[in-house]
Amino acid sequence: MSVFHDEVEIEDFEYDEETETYSYPCPCGDRFLITREDLENGEDVAACPSCSLILRVIYDQEQFTRDEVVAEPLANKELIKC
């Protein structure tokens, strides 16, 4: 069982679009980090790379599910008999 330093909503994190990483200030002076990919995979723990503290991230996982693109059938395509 993990002991969390705190529980923080994802809206309180800063998002870096270039690295697709969410960050939140840690008391040690560094930042807690969690990637968008982690969130898409259902992870809810943000870790600080400089100390042993971890946060539980409160978020709606449905907002972070990967959008699967399904190709639509082509319209106006005639079937040819062989």
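This write-up is about the structure you can find in this document. Since the model is a prediction, treat every value here as computed from it, not as a measurement.

### Brief notes about the nonpolar core
- Ranked by size, the top nonpolar core spans 14 residues in total, and within it Ile10, Phe13, Tyr22, Ile34, Leu39, Ala46 and Val57 carry the most contacts.
- At the level of secondary structure, the elements contributing two or more residues to this core comprise strand E4 (31-35) and strand E6 (54-58).
- Not counting residues within four places of it along the chain, the set of residues in contact with Val57 comprises Val8, Ile10, Phe13, Ile34, Leu39, Asp44 and Ala46.

### Side note on the packing of aromatic side chains
- One pass over the full model with this rule turns up two aromatic pairs.
- Consider the rings of Phe13 and Tyr24, whose centres lie 5.3 Å apart with planes at 40 degrees: the pair is tilted. Residue Phe13 is located in the loop between strand E1 (6-9) and strand E2 (14-16), and its partner Tyr24 is located in strand E3 (residues 21-25); the two are separated by 11 residues in the primary sequence.
- Judged by its relative accessible area of 7%, Phe13 falls in the buried class.

Rules used in this analysis
Residues numbered from 1 in each chain as written. Predicted model: local features only at pLDDT ≥ 70, side-chain atom pairs only at ≥ 80, totals over all residues. Heavy atoms only, no water. Core = buried A, V, L, I, M, F, W, Y, C linked by side-chain atoms within 4.5 Å. Buried < 20%, exposed > 50% of the residue type's maximum accessible area, 1.4 Å probe, protein only. Helix = DSSP H or I, 4+ residues; strand = E, 2+ residues; numbered from the N terminus. Contact = heavy atoms within 4.5 Å. Phe/Tyr/Trp six-rings, centres within 6.5 Å; stacked < 30°, edge-to-face > 60°.

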